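Below, each chain spelled out in residue letters.
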Amino acid sequence: MPITPFSERPWSDGGPRVSRRHVVAIPDDSPDTAVLFILLRRLRQPLLLLVAILTIATFGLSQIDGVDFDGNPRRLTIFESFYFMTYTAATVGYTELFPYTSAQRMWVTGAIYAGVLGWAYALGTLFSIVGDKSFKDALGLQRFRRAVNGMHEPFYIIVGFGNAGRLVAKGLNNLHHRFAVIDTSAERIDVLVADQLELDPPGWHGDLSTPSLLGWAGLGHKHCAGVVAITDDNDINLSVLMSAHLLRPDVRVIARCSTQEAEEQMFAFGADSVINPYERFGGYLVLALQRPITSQLSSWLLAANGSEMPPRREGLADGRWVIAGVGEFAQEVATDLTRAGLEVSIVDPADGPPDVSDAVGLVVGTASDTLNLAMASRARLANSDLFVAVRQQTHTNAPLVEALEFDSVFSPTDLVAQEVLAQLSTPHLWRFMTHLTEQDDEWSAALLARLEATCGSRSPRLRRVEVDALQAPAVVRWLESGRPFTVGELVSGSSGPNTPTAAVPLMMARDGADILTPANDFPLQLGDVLLIAGRSVAFDDLDELLRQDATVEFVATGEYPDATWLWSCCAAGATAASRHGIPARYAGCSPAAWNS
Amino acid sequence: MGYGPGVNLEKVVFGFFVLLAATLNFGYFYGDIRDPEVHSAYELYLAVVVNVVATILKFGDRTQMGAIYLATSLVASLQLIAAAAVHIHATEVSTMGLDAHAISSVVSLCGGALLANVVSVILLVIETSSFRHR
């Protein structure tokens, strides 16, 4: 019986991949982005007409004989005519400059008709351009591109802003990551504004399979950190993946898919990660059936901090399973369960309620939430011991699903969003969870017992610690002075060596390799990354240890160094030699030791 | 660009306005710089209008040539409008009237505009001759 639900897909790691042969520029030009040019081009005719009308009217008025206030003959100058025509044709209408003669008034009458029409035409054209959809689009695209170009920190491109896209956007927002969003529909992008995200992320709509849209969204930007293709269309996701991989091979790409063929194609095109929610669900289901303790441990670690241990269901693997549903989901789950050696029967819900009298488990996976809930509830009435897994298609029905408290709920969008966020924001945790699903129940039971003994029955906090100058300056100084420091000492807190540890190291990443639950006497190196589970108290101790030279020394040697500069200077001559040859600055002269 | 052997009316109109702008400008500019008698205000007025029209004609042209035309026409128009403003100030506002100082300011501003217009004409000649070569 296979033990690894995910790793039995050989195409997912390694294998030949398509790579580009010729470096091409990322397309980001568009024919009509210069909004001002569009505006000016279409205003050309009305403006010319207006100029012509005003010119003729002004010149004509200046050539007609008139009189001044005293009745002496006087023609208007060109400037006076222009001034008069300007305010008259623009319908402002002051009075006449001088008492006009009939000839002047006749000319002005004609000029007003022509001038008002000229202005109306020019202004009308201007407003119709401003209200025009293509002009608004050009303006919006320009704003979008400007916002993307103005990014000054790493950002992700989210392709597809459906339910999963929104969840990913919210998650990234909560983690203070920047991102740009593109989708096929303008309405969905409008939702982006309504979501009230922190940093007003740029969003735009268009044909997602054109590379230039990706270019506008920042694929060529030096800060582009990754592309997340999570539309519900396999072809679009694949084309986004192809564009990203061929134009920017250095950028990380995560893609969603719903069939195995699409998954293989995506891996061949160099996806860093492909998430098939149906396959994931099948994998987790198989995990729960075959290795209940491992499954229990993984859901406990992923649950919110302080959650109770989830219940363990055993004996699910011996008996018949019924899958009610049609399409990709039912096929995918059936494949996974069959491969795990279970007896599976697929039932079309159109043929009436499934017969579950002799079954141990039921997976309800039609595309209609109402139908799913009805079928699942009815099946549970027929067989109260049944393990019921329900597919939840839309978020609006979440309260109903929750109220019925099924054994397992599958929401594809939630699953995709969770996986994407885990891979982007907590890659080490995600790698640990991947390794965990490959462990047998004995290993998991041992780790579970250790965690319960150390952290209690509530789910622990998880933390990633990198042994570098930023996160662990004191430890780095200690290691750089050539003295060893072990994993056990790191998690022991500030209480000193040989005391019970308050935290459990789950995984250590070194040089690209992952070491699961490293032993306590495992020596640390610069650049190691540790994933640690523990209670809040333990992490307070850890923070002190990472930054205080004196604490590091105490934990490593069991002795506190002299805390103040004056005292250490006085004692230096007497004791420095006995302190394992520690240089003077480690004996208490460093700035960190001043405050201790 | 697919115009065939026929004449492109847009180019004719534009060439007409560019040349007219330059000739009117020159006509106003020519003559003793301190003598208001030899500089007709109407010619200045027409020069301003024709230059503005030539500028508007190049709105929205995104070719390199079009952009330079727009720039030169814009310079000429601004210079001529400044000249007209000085002229109006001298005749309507100033107590001194259109004296030698005022008219020389106006004419020298027009001289600047003339330079820009000459550049426009040169561009026109270059474009026309290179069009023939193709």
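All of these numbers come straight from a predicted model, not from anything done at the bench. (Residues numbered from 1 in each chain as written. Chains lettered and ligands numbered in written order. Predicted model: local features only at pLDDT ≥ 70, side-chain atom pairs only at ≥ 80, totals over all residues.)

Right, let's get into the overall build of chain B. When its secondary structure is counted, chain B shows 4 helices and 0 strands. Starting at the N terminus and ending at the C terminus, chain B contains elements arranged as α-α-α-α. Counting every position in chain B, which comprises 134 residues, the buried fraction comes to 36%. Intrachain contacts of chain B at a sequence separation of at least 6 include 68% that bridge at least 24 residues. (Helix = DSSP H or I, 4+ residues; strand = E, 2+ residues; numbered from the N terminus. Buried ≥ 20, exposed ≤ 12 C-beta atoms within 10 Å, placed from the backbone. Contact = placed C-beta atoms within 7 Å.)

On to the overall build of chain A. A tally of regular secondary structure across chain A gives 23 helices and 15 strands. When burial is assessed residue by residue, chain A has 38% of its 596 residues classed as buried. Within chain A, contacts between residues at least 6 apart in sequence are counted, and of these 68% link residues at least 24 apart.

What follows deals with the environment of A:Ala138. Residue and element names in this part refer to chain A. Mapped onto the fold, Ala138 is located in helix α4 (residues 133–149). We classify Ala138 as buried; it has 21 C-beta atoms within 10 Å. For the pair formed by Ala138 and Val35, sequence separation is 103 residues and the distance between their alpha carbons is 6.0 Å.

This paragraph deals with the sheet that holds strand β5 (residues 252–256) of chain A. Residues and elements named next belong to chain A. Across the sheet, which stays open at both edges, the 6 strands sit in the order β3-β2-β1-β4-β5-β6 with parallel pairing between neighbours. Of all the strands in the sheet, the pair left with one neighbour each is β3 (203–205) and β6 (273–275). In this sheet, adjacent strand axes meet at a mean angle of 15° when their direction is disregarded. Relative to β3, strand β2 (residues 178–183) is paired through 3 bridges, and the arrangement is parallel. Looking at β3, one finds that Ile182 is bridged to Trp204. Against the sheet, helix α8 (residues 234–247) touches β1 (155–159), β4 (224–229) and β5, its axis set at about 170° to β5. (Pairing = 2+ DSSP bridges. Axes fitted to C-alpha atoms, helices over the stretch in contact; angles between N-to-C directions.)

Moving on, we get to the sheet that holds strand β11 (residues 408–410) of chain A. All names here are of chain A. Within the open sheet, the 5 strands sit side by side as β8-β7-β9-β10-β11. Their pairing is parallel. Across the chains shown, the open sheet's two edge strands, defined by having one partner strand only, are β8 (343–347) and β11. Averaged over all neighbouring strand pairs, the angle between strand axes comes to 15°, with direction disregarded. Where strand β10 (residues 387–391) lies against β11, 3 bridges are found, and the strand directions are parallel.

Each side of the interface is counted separately: chain B has 13 residues, and chain A has 13 residues. Looking at the side of chain B that touches chain A, the elements with two or more residues in it are α2 (41–57) and α3 (64–93) of chain B. The leading source of residues in the side of chain B that touches chain A is α2(B), at 7 residues.

Here the focus is the pairing of strand β7 (residues 320–324) of chain A. Note on strand geometry: in a regular strand, side chains alternate between the two faces of the sheet. Residues and elements named next belong to chain A. For β7, a buried count of 4 out of 5 residues is recorded, marking the element as mostly surrounded by other parts of the structure. Bridge count for β7 against strand β9 (residues 359–364) is 5 bridges, and the pairing is parallel. When the sheet's bridge partners are listed, Val322 is paired in β9 with Leu362. Bridge analysis of β7 against β8 gives 5 bridges, and the strand direction is parallel. Following the sheet pairing, Trp321 is matched in β8 by Val344. In this fold, the crossover linking β7 to β8 by way of helix α12 (residues 328–339) has right-handed handedness. (Right-handed = clockwise from strand over helix to strand, strands pointing away.)

Ranked by internal contacts, the top residues of the largest apolar core, which has 51 residues, are A:Ile157, A:Val168 and A:Val228. Excluding residues within four positions of it along the chain, A:Ile157 makes contact with A:Phe179, A:Ala180, A:Ile182, A:Leu214, A:Ala217, A:Gly218, A:Leu219, A:Cys224, A:Val227 and A:Val228. If you look at the next biggest cluster of nonpolar residues, it comprises 49 residues, including A:Ile78, A:Phe79, A:Phe82 and B:Phe29. (Core = buried A, V, L, I, M, F, W, Y, C linked by C-beta atoms within 7 Å.)

Attention now moves to the packing of helix α1 (residues 35–62) of chain A against helix α3 (residues 102–130) of chain A. Contact geometry for α1(A) and α3(A): axes closest at 9 Å, N-to-C directions at 170°. Considering their axes alone, α1(A) and α3(A) lie roughly antiparallel with respect to each other. (Parallel < 35°, antiparallel > 145°, perpendicular 65-115°, else oblique.)

Glycine aside, a negative phi is what most residues show, and trans is what most peptide bonds show. All names here are of chain A. For His176, which is not a glycine, the phi torsion comes out positive at approximately 65°. Position of His176 relative to the elements: it lies in the loop between α5 (163–174) and β2. With a phi close to 50°, Glu405 is a non-glycine residue in the positive phi region. Here Glu405 is to be found in the loop between α14 (398–404) and β11.

Residues and elements named next belong to chain A. For chain A, the average pLDDT comes to 81, and 88% of its residues sit at 70 or higher. By mean pLDDT, helix α23 (residues 591–594) is the weakest element of chain A at 38, and β1 is the strongest at 92. Confidence drops under a pLDDT of 50 for residues 1–8, and excluding neighbours within four residues, the segment shows 17 contacts in the predicted structure. In the model, residues 576–596 has pLDDT below 50 throughout and makes 38 contacts with residues more than four positions away in sequence or in other chains. (pLDDT = per-residue confidence, 0-100.)

All names here are of chain B. Predicted confidence across chain B gives a mean pLDDT of 87, with 92% of residues reaching 70 or more. Mean pLDDT values over the elements of chain B span from 89, in helix α4 (residues 100–133), up to 92, in α2. Across the interfaces of the predicted complex, the ipTM metric reaches 0.70, alongside a pTM of 0.69.

All names here are of chain A. Counting buried residues along strand β15 (residues 529–534), 5 of its 6 residues qualify, which places the element largely inside the surrounding structure. Looking at chain direction, strand β12 (residues 461–466) and β15 are connected through 6 bridges and run antiparallel. Within β15, the residue paired with Glu466 across the bridge is Val529. As defined by bridge partners, strand β13 (residues 503–510) adjoins β15 across 6 bridges and the pair is classed as antiparallel. Looking across to β15, one finds that Met507 is bridged to Leu531.

Attention now goes to the environment of A:Phe98. In this fold, A:Phe98 is placed in the loop between α2 (78–89) and α3. Discounting residues that sit within four places of it in the chain, A:Phe98 has contacts with A:Gly66, A:Val67, A:Asp68 and A:Phe69.

This part takes up α2(B). Between its first and last C-alpha, α2(B) extends 25 Å over 17 residues, near the 24 Å set by a 1.5 Å rise per residue. Within α2(B), 14 of the 17 residues are buried, leaving the element largely enclosed by the surrounding structure. (Expected span 1.5 Å × (residues − 1).)

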